[in-house]
Each structure stands twice: as structure tokens, then as C-alpha cells.
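Survey of secondary and tertiary structure
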Amino acid sequence: INNPPLGLNNPYSETGNPYPFRAPATAEEAQNYQWVLPMETRQWDPDFRNAIVQQWNFNLQQQVAGSYVITAAYVGSKGNHLYMTNEGNPGIFGRPGNLNQRRPLYPTFGPITNMSSQGNSTYHALQLTLNKRLTHGFTILTNYTFGKLLDDASGDGDTPANPWNIAAEKGHSDFDITHRFVASYIWQLPALRSQHPFVRHVLGGWETNGIVTLESGQWLTVSS
């Protein structure tokens, strides 16, 4: 019941108390039944289907200076028939009245939520990697990704502003990360074999490691 005229003190002033509900049993009862209008409904699109994701990549790799390996890669993916919701009875801009009164199927129906598989997404990225293999007790792995993720519905509950033009919703996804840099290292400290046994056992043979992550267009997230 939308906006009962007498408020919550008497929400059934116009329709009567619908509980317990007894469905109309005859055609006459159905004709005379006082339905609570406008009705709000949800439905699964009859053309709903499973999503499809396609992925592809191409990379070049070169070893330099003995222990260093450089990799440049292009990575792409494409998603179709992704789950999204759509409004089947939207309020028409420019018509008089409140939102429900501007719907084409008012007063019988209010919102009609259509759960469909109309969503689409695309992802393209350049990935650069530098890997120094373990030599002299030291190794490092760094990766930089420059990518773009576009879609027309990032979340399950996202509804297009114009249900008749879903393509107009295409833009940067809620999950889009333009820049991402990750670096990790392992450094094995000297074993100090020539030192006094006490010094060798206390200070020698240590290992340190760490990881640093920078991501997003503003390079805000840092972890180590």
C-alpha cells in the first residue's frame, strides 16, 4: 500500500485489512475483489540465459642481463548476458503526477522489476612485469597494470535510468582500477660464515621480504 491517506494509524482505511488473505474462488469474486493497487511485481525475463565470458591474451618475454626477465602482455576479456535488473514500467519524464502516476500501466501496476541477462562488459589491459631471479641472495618481482573495465551494470541491483536504452549506461565499472603496481622482494642477508660462531648464529642467515601495492587512478592504496 503506497502512501495510505490516513497514515500508519489506519493503513487499511480504503482497502480493508487484507489478512488473512483468501484468494477469489469464482469469477464473480475475482471481479469484485478489491486489489491493492498499484501492484508491485518482480519477474524473471523469459529470455534469461547463462552468462558468457571470453578471455584472450598476448605476451612477449625477454631475458636481459643474465637474471632479469621482462614481460609485456595485452590481456582482454568480454562478458555478455550478465545479470542485471530493469524497470518494465518506468515513470515517464514530463508527465504530471508522482512517480507511480507517471507510469504507463498506472493505476494497475507500480514498479515492474525485470531480472534479465542483458548486461555486458569489456576489459583491456597492458601488463608489464620485471622479474629478477634469485641470485646473490636477492630476488624481486614487479608488475604494473594499466587497464580499463567498462560495463552497463556493475551490481546485481543496478537499474538503467532509461530502460529502453541500456547502451547509454556503458561506462567505467565500479570495479575499474586504472593503475595497479605491485612489487615484492626477498633478500637473504649474509650468512657471516667467517665470523665468530656466536655472531654467525645470532646475526647471520636472516631473510627479509616485503610487498608494496599501489592502485587506482589516484594511487591511494599502499600496503606493505
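Right above here is the structure, for reference.
This is a predicted model, so every value here is computed, not measured.

1. Observations concerning the overall build of the chain
- The helix and strand tally for the chain stands at 2 helices and 9 strands.
- Mapped from its N terminus to its C terminus, the chain presents α and β elements in the order α-β-β-β-β-β-β-β-α-β-β.
- Taken against the 2.2 N^0.38 rule, which gives 17 Å for 224 residues, the C-alpha radius of gyration of the chain at 31 Å runs more than 25% over that of a compact globule.
- Here the chain holds 224 residues, and 25% of them are scored as buried.
- For the chain, contacts bridging at least 24 residues in sequence account for 59% of all contacts bridging at least 6.
- Of the side-chain charges in the chain, 14 are positive and 16 negative, and the distance between the mean point of each set is 16 Å.

2. Quick word on the packing of aromatic side chains
- Inspection of the entire model under this criterion finds 3 aromatic pairs.
- Seen in terms of ring centroids, W44 and F48 are 5.2 Å apart; in terms of plane orientation they differ by 85°. Their pairing is edge-to-face.
- Judged by relative accessible area, F48 falls into the partly exposed class, the value being 34%.
- Here K132 stacks its cationic end above the ring of Y68, 6.0 Å away from the centre of that ring.

3. A closer look at the pattern of salt bridges
- Scanning all chains against the criterion turns up 3 salt bridges.
- Residue E87 pairs with R103 through a salt bridge whose shortest N-O separation is 3.7 Å. Here R103 lies in the loop between β3 (68–87) and β4 (109–135) and E87 lies in strand β3, a separation of 16 residues in the sequence.
- For E87, a relative accessible area of 17% corresponds to the buried category.

4. So, the environment of I70
- Along the chain, I70 falls in strand β3.
- Owing to a relative accessible area of 41%, I70 belongs among the partly exposed residues under this scheme.
- Spatially, the C-alpha atom of I70 lies 17 Å from that of R180, the residues being 110 residues apart in sequence.
- Here I70 is in contact with L60, Q61, Q62, V64, T129 and L130, once residues within four sequence places are set aside.

5. Overview of a nonpolar patch on the surface
- Together, W56, F58, L60 and Y74 give the surface a local cluster of nonpolar side chains, amounting to about 420 Å² of exposed area.
- Ranked by residue count, the leading element in the nonpolar patch is strand β2 (residues 52–64), at 3 residues.
- With relative accessibility at 54%, the residue L60 sits in the exposed group.

6. Considering the environment of G91
- Mapped onto the secondary structure, G91 falls in the loop between β3 and β4.
- Judged by relative accessible area, G91 falls into the partly exposed class, the value being 27%.
- Along the backbone, G91 and P104 are 13 residues apart, and their C-alpha atoms lie at a distance of 7.2 Å.
- When neighbours within four sequence positions are excluded, G91 is seen to be in contact with L99, R102 and R103.

7. A few points about the environment of D45
- Relative to the elements of secondary structure, D45 occurs in the loop between β1 (39–44) and β2.
- On the basis of relative accessibility, which here comes to 18%, the residue D45 falls in the buried class.
- The spatial distance from the C-alpha of D45 to the C-alpha of T85 is 9.6 Å, given a sequence separation of 40 residues.
- When neighbours within four sequence positions are excluded, D45 is seen to be in contact with N114, M115 and S116.
- There is a polar contact of 2.7 Å between the side chain of D45 and the backbone nitrogen of D47.
- A polar side-chain atom of D45 sits 3.1 Å from a polar atom in the side chain of N114.

Rules used in this analysis
Residues numbered from 1 in each chain as written. Predicted model: local features only at pLDDT ≥ 70, side-chain atom pairs only at ≥ 80, totals over all residues. Heavy atoms only, no water. Helix = DSSP H or I, 4+ residues; strand = E, 2+ residues; numbered from the N terminus. Rg over C-alpha atoms; globule rule 2.2 N^0.38 Å. Buried < 20%, exposed > 50% of the residue type's maximum accessible area, 1.4 Å probe, protein only. Contact = heavy atoms within 4.5 Å. Lys, Arg positive; Asp, Glu negative; His and termini not counted. Charge placed at Lys NZ, Arg CZ, Asp CG, Glu CD. Phe/Tyr/Trp six-rings, centres within 6.5 Å; stacked < 30°, edge-to-face > 60°. Lys NZ or Arg CZ within 6 Å of the ring centre and 35° of its normal. Salt bridge = Lys/Arg side-chain N within 4 Å of Asp/Glu carboxyl O. Patch = residues over 30% accessible without salt bridge, like charges linked within 9 Å, V, L, I, M, F, W, Y side chains within 5 Å. Areas by Shrake-Rupley, 256 points an atom, 1.4 Å probe, with all protein chains shown as cover. Polar contact = N/O pair within 3.5 Å; in protein donor to acceptor, adjacent residues only side chain to side chain.

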